[in-house]
Amino acid sequence: MWNTRSKGPTIQAVNLSRDTELLEVLEPKSGRQGRPPQLLKLTERGREAFLILFSKEAVPSELDELMKRHKSLEHALLNLEAAAMLRERLNASVDMYPPTIVLDGGRQFAPDLAATLPDGEVIYVECERGTNDDYVVRDRKWQNIYDATGGRIYVICSDYDSRNKVTSEISRWCGTTPAIRPKI
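As a starting point, this report considers the structure included with it. Because the structure is a prediction, the values reported are computed rather than measured.

**Structural notes on the overall build of the protein**
Thinking step 1. A count of helices and strands for the protein gives six helices and eight strands.
Thinking step 2. Start at the N end of the protein and walk to the C end: the helices and strands fall as α-β-β-α-α-α-β-β-β-β-β-α-β-α.
Thinking step 3. Taking all 184 residues of the protein together, the buried fraction comes to 34%.
Thinking step 4. When contacts within the protein are restricted to residue pairs at least 6 apart in sequence, those whose partners lie at least 24 apart make up 48%.
Thinking step 5. Surface accessibility of the protein: about 11,300 Å² in total, with carbon and sulfur atoms responsible for 52%.

Here's what the structure looks like:
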């Protein structure tokens, strides 16, 4: 994430790359005060320039890969921020593209992140913005996560309001599901 409104040689290079259409600058709505974060990726022209300069193909854009997995630019940003937080606070190794876990009956759990903690324990983390109100879909999601993880549900939310909404949602789901007593 870059703040392309700042000064300095790196920012000037980013601005020049954007102005010459080598970089695309995307601004997801973060819902927070202050300047929005900016995500960068090479344009097709930027990929061609990279090939000419370095005689090899540029690696695929992480942002493009994230957008294949997530519903919006805002959800992709939350996943990037959550992964950074897990690395910083838990010293975890984070897989941004964990495989889908297939459950009985063909049900699936596609975790947002898989974090390997220093002791080797792997936890699956959901990144939530609290934007979905379809209870049937959400109940199915929480059930699939519960079944895939043995009842260990880890959620990182974008803000306080989202956290409250998701906590209420999980609590409601638990109350309608027999024999579930999660720790929230």
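**Section: the pairing of strand β8 (residues 154–157)**
Each regular strand carries side chains that alternate between the two faces of the sheet.
Thinking step 1. Relative to β8, strand β7 (residues 122–128) runs parallel, the two sharing four bridges. Across the sheet, residue E126 finds its bridge partner in β8, namely V155.
Thinking step 2. With respect to chirality, the unit in which β7 leads through helix α5 (residues 135–149) into the neighbouring parallel β8 is right-handed.

**Let's talk about the packing of α5 against helix α6 (residues 160–176)**
Thinking step 1. Between α5 and α6, the least distance of the axes is 10 Å, while the angle of their chain directions is 80 degrees. It follows that α5 is roughly perpendicular to α6 by the angle criterion. Packed against α5, whose contacting residues are Y135, R138, D139, W142, Q143 and Y146, the element α6 presents V166, E169, I170, R172 and W173 at the interface.
Thinking step 2. Looking at the contact of α5 with α6, its residues break down into six nonpolar, one polar and four charged.

**A look at the packing of helix α3 (residues 62–69) against helix α4 (residues 73–90)**
Thinking step 1. Closest axis-to-axis distance for the α3/α4 pair is 9 Å, and the angle between their directions is 115 degrees. Between α3 and α4, the angle falls in the class roughly perpendicular. For the element pair α3 and α4, the recorded crossing hand is right-handed. Judged by residue contacts, E62, L63, L66 and M67 of α3 engage L73, A76 and L80 from α4.
Thinking step 2. Counted by class, the contact of α3 with α4 contains six nonpolar, no polar and one charged residues.

**Some words on the pairing of strand β6 (residues 113–116)**
Thinking step 1. Bridge count between strand β3 (residues 93–95) and β6: three bridges; the pairing is antiparallel. Bridge pairing links V94 to A115 in β6.
Thinking step 2. Bridge analysis of β6 against β7 gives four bridges, and the strand direction is antiparallel. Counterpart to T116 in the pairing with β7 is V122.
Thinking step 3. Here β6 folds back onto β7, and the loop between the two strands holds five residues, one of which, G120, carries a positive phi near 95 degrees.

**What to know about the pattern of salt bridges**
Thinking step 1. Under the criterion given, the structure shown has 10 salt bridges.
Thinking step 2. The partner of E126 in a salt bridge is K141, with the nearest N and O atoms 2.9 Å apart. Note that E126 is positioned in strand β7 and K141 in helix α5, a separation of 15 residues in sequence.
Thinking step 3. Salt bridges here are not isolated pairs; linked through shared partners, they connect E126, E128, R138, K141 and E169.

**Some remarks on the nonpolar core**
Thinking step 1. Counting 21 residues, the largest nonpolar core has L86, V94 and L113 as the members making the most contacts within it.
Thinking step 2. Residue assignment for this core shows that the elements contributing at least two residues are α3, α4, β6 and β7.
Thinking step 3. A total of seven residues in this core trace back to one element, the largest contributor, which is α4.
Thinking step 4. L103, W142, I145 and I170 belong to the second largest nonpolar core, which has eight residues in total.

The rules behind the values
- Here the residue index of a chain counts from 1 through its sequence in written order.
- pLDDT decides what is reported in this predicted model: residues at 70 or higher carry local features, side-chain atom pairs at 80 or more are listed and counted, and totals for whole chains, interfaces and linings draw on all residues regardless.
- Only hydrogens and water are set aside when side-chain values are computed; all heavy atoms of the structure are taken into account.
- Only runs of H or I of at least four residues qualify as helices and only runs of E of at least two qualify as strands under DSSP, and these elements are numbered from the N terminus.
- Buried, partly exposed and exposed residues are distinguished by accessible area as a fraction of the type maximum, computed with a 1.4 Å probe on protein chains only: under 20%, between the cut-offs, and over 50%, respectively.
- Whether two residues are in contact is decided by their heavy atoms: any pair within 4.5 Å suffices.
- Throughout, the Shrake-Rupley method with a 1.4 Å probe supplies accessible areas, and for residues the shown protein chains are the sole cover considered.
- The pairing criterion is simple: DSSP has to find at least two bridges between the two strands.
- With its strands directed away from the observer, a crossover is right-handed exactly when the path from the first strand over the helix to the second travels clockwise.
- Throughout, an axis means a line fitted to C-alpha atoms (over the contacting stretch in the case of helices), and angles, computed between N-to-C directions, take values from 0 to 180 degrees.
- Angular relationships are summarised with four words: roughly parallel below 35 degrees, roughly antiparallel beyond 145, roughly perpendicular across 65 to 115, and oblique for the angles in between.
- Residue type decides the class: Asp, Glu, Lys and Arg count as charged, Ala, Val, Leu, Ile, Met, Phe, Trp, Tyr, Cys and Pro as nonpolar, and the leftover types, Gly among them, as polar.
- Left-handed is the label given to a crossing in which the near helix is rotated counterclockwise from the far helix by less than a right angle, and right-handed is the label when the rotation is clockwise.
- Salt bridges are identified by distance alone: a Lys or Arg side-chain nitrogen within 4 Å of an Asp or Glu carboxyl oxygen.
- Definition used in this section: a nonpolar core is a set of buried Ala, Val, Leu, Ile, Met, Phe, Trp, Tyr and Cys residues joined via side-chain atoms within 4.5 Å.

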